[in-house]
Amino acid sequence: MIKLAKGRVSLWAILAAVGFMIVQVISSLYLPNLTADIVNNGVVTGDIDYIWKTGYKMIAFAILSVVASVANVYVASKVSQKLGQRIRSDVYRKVINYSHDEMDQIGASSLITRTTNDVTQIQNVWVMILRMMIMAPIMLVGAAFLAYQKSPALTNIFLIVLPIMAVFMGVVMYFAVPLFRAMQKKTDNINLVFREGLTGVRVIRAFRQDQFEQDRFDGVNKDYTNNAVKVFSIMALMFPVMTLIMSGTNIGITWWGGHLIAQQSLETGNMIAFLTYAMQILMSFMMLSMIFVFIPRAQASAVRINEVLAQTTTLQSSATPKEMATDKPQLRFDHVKFRYAGAEEPALTDIDFDMHAGQTLAIIGGTGAGKSTLVNLMPRFYDVEEGAVEVDGQNVKDLDLQELHRQIAFVPQKANLFTGTVRDNMKYGNEDATDDEIWHALEVAQAKDFISENPEGLDYHVEQGGGNFSGGQRQRLAIARALVKDASVYVFDDDFSALDFKTDAELRQALKEDAKISSRIVVIVGQRVSTVADADTILVLEDGKMVGRGTHAELKATNDTYQEIIKSQIREGDEA
Ligand SMILES: Nc1ncnc2c1ncn2[C@@H]1O[C@H](COP(=O)(O)OP(=O)(O)OP(=O)(O)O)[C@@H](O)[C@H]1O
């Protein structure tokens, strides 16, 4: 937790919180002293003047205590909120640069819990640290000292009370701390199942798995609730037991103090002050114990957040980035081998090709052949195990990642749109794009018609994830977004399969006729032979291996796998 606070919490703010707290505690400790004074020298002697004088003093100290307390709460809240904001921002910046492998290791749901719930735990504990953790020790020592001053004999009562409290708090901590620690993991589980249910809601309904999913959610929900009920039942014991101990102490002090007053070895005012000090001692003791219960939970959260922040991102820009020859677009795979983290078999072996400006590369192969994996290596979403990927004449490992991503317009298999207008989404590709350029990209992507039909045009609102568009429309918008970019390589990862045959053909024709795109490199991953047939080079993939490379005519004549694909598609009426 200290590590998390370093550089994110200002030392001045901590000093201010300590300063205000010291003022508050001193005022609170001085008040019982004044109570003793007003009783002993004012009430008992009937000196009204003295009562007024001391009363004013008491009011002044009470106000001082309140003001200091408010100031402390203000500083503590501000520090903890700022800390939370900084942690969330740092976690986001870190995660956004994670490679796909690193993202998979922690998982999206856990990352969300860590950025929200875990950060809240840290914030709460920091408020406790800046209030109770400063207040409790000062109050404990100060009140013990002053209580002893008022009556050394009565202090013996703590020899009985404090061990009872220590045992009770020890038992609470023993049972509550592990349960508190488990809360974060259980929150993760709820988020995981909830998120899966939300994103897969249509599939769940279509497969009539509503009940199964409901049961799955109820399971993790119940697990969380059981844990929370257990821990809060234990915590609920604290207040009644503490009240019992405090009331018992009160009675003990009054009974024993009464005897001492009767024996004239204690003044009435001192006994009243002693009672207040005794309560302050017990409260401080309880506050310290509470801190020790809550800190382990926050510590568990801190470990989880530090894990995210400490993750070294393998995909980093080169420290000495080389210049890309953007005027000579080139895409080269030099005997590339790639394996997913933890996988036994490589997902790609010996992939080799070299493409230049104006050429189209198509990749075809069965499900799981490695097509998406191959194109994911181009923007360096993963690093190769052997060989090299080169873009515009440079190994992607020697480049600045941002520069590389600028030169690759990538349309992933799953079209992702963001909340905002159509224009906002298009500008993701190029901030400076004019409306004319956007309309042109939409036209090439065969998306112009359904956008222009709408009176709002480019201002049409896109809902979260593009939910107000059909799958095919989303895909075309995602393609248009990539086309708005001025890149060396345009990659379409199986995006045309979501389109009907006619639109697929029209889109590819428009790409060919477009002055900008036709002077760059186009990579098309496809399932249909018709989609890949007119490419300059077609790669045929099978089990991560390149089993064919050539033009449609060459492969059709010589390549068994390609012939098989053609045959299977003729049967489906999809003649190439
Ligand atoms: N993130 C991942 N971690 C581990 N293995 C993966 C991962 N993604 C894909 N794979 C594996 O790599 C292989 C190739 O997958 P890839 O997604 O590249 O296939 P594909 O040819 O694009 O298939 P499809 O046409 O179904 O999209 C598959 O065996 C798959 O199980």
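Residues numbered from 1 in each chain as written. Predicted model: local features only at pLDDT ≥ 70, side-chain atom pairs only at ≥ 80, totals over all residues.

K.L.:
Hey, could you go over the site of the ligand for me, with residue numbers and the actual values?
P.N.:
Taken together, 13 residues sit near the ligand, with Tyr-340, Thr-367, Lys-371, Ser-372 and Thr-373 positioned nearest. A per-element tally of the shell around the ligand places helix H11 (residues 371-376) first, with three residues. Each residue belonging to the shell around the ligand can be placed in one class, and the counts come to four nonpolar, six polar and three charged. (Near = placed C-beta within 6 Å. Helix = DSSP H or I, 4+ residues; strand = E, 2+ residues; numbered from the N terminus. Nonpolar A, V, L, I, M, F, W, Y, C, P; charged D, E, K, R; others polar.)

K.L.:
Quick rundown of helix H17 (residues 501-513)? Include the residues and the values.
P.N.:
Helix length check: H17, at 13 residues, gives a terminal C-alpha distance of 18 Å against a target of 18 Å (1.5 Å per residue), a fit within 8%. Among the residues of H17, Leu-507, Arg-508 and Leu-511 are the ones counted as buried. Each buried residue of H17 sits inside an arc of 95 degrees when the element is viewed along its axis, so together they form one side. More than 90 degrees from the buried face of H17, the exposed residues found are Lys-502, Gln-509 and Glu-513. Buried residues in H17 make contact with helix H14 (435-444) and strand E10 (521-526). (Expected span 1.5 Å × (residues − 1). Buried ≥ 20, exposed ≤ 12 C-beta atoms within 10 Å, placed from the backbone. Arc of directions from axis to C-beta. Contact = placed C-beta atoms within 7 Å.)

K.L.:
Lay out the pairing of strand E1 (residues 330-338) with the relevant residues and their values.
P.N.:
Bridge count between E1 and strand E2 (residues 348-356): six bridges; the pairing is antiparallel. Bridge pairing links Gln-330 to His-356 in E2. Pairing of E1 with strand E4 (residues 386-391) involves five bridges; the strand directions are antiparallel. Among the inter-strand pairings, Arg-332 is bridged to a residue of E4, identified as Glu-390. (Pairing = 2+ DSSP bridges.)

K.L.:
Account for the packing of helix H5 (residues 108-150) against helix H10 (residues 268-310), naming residues and giving values.
P.N.:
At a minimum axis separation of 6 Å, H5 and H10 run at an interaxial angle of 155 degrees. Taken together, the axes of H5 and H10 lie roughly antiparallel to each other. H10 is crossed by H5, and the crossing has left-handed handedness. Grouping the amino acids of the contact of H5 with H10 by side-chain chemistry returns 31 nonpolar, five polar and five charged. (Axes fitted to C-alpha atoms, helices over the stretch in contact; angles between N-to-C directions. Parallel < 35°, antiparallel > 145°, perpendicular 65-115°, else oblique. Left-handed = near helix turned anticlockwise from the far one by under 90°.)

K.L.:
If you had to explain the UniProt feature "transmembrane region" (unreviewed entry) in the protein to someone new, which residues and values would you point to?
P.N.:
With numbering matched to this structure, UniProt assigns "transmembrane region" (unreviewed entry) to residues 12-31, 58-76, 125-148, 154-177, 231-251 and 271-295. Regarding residues 58-76, the helix share stands at 100% and the strand share at 0%, and the terminal C-alpha atoms are separated by 27 Å. Between the end C-alpha atoms of residues 231-251 the distance is 31 Å, and the span holds 100% helix and 0% strand. (UniProt positions renumbered as here; feature names shortened; annotations may be inferred.)

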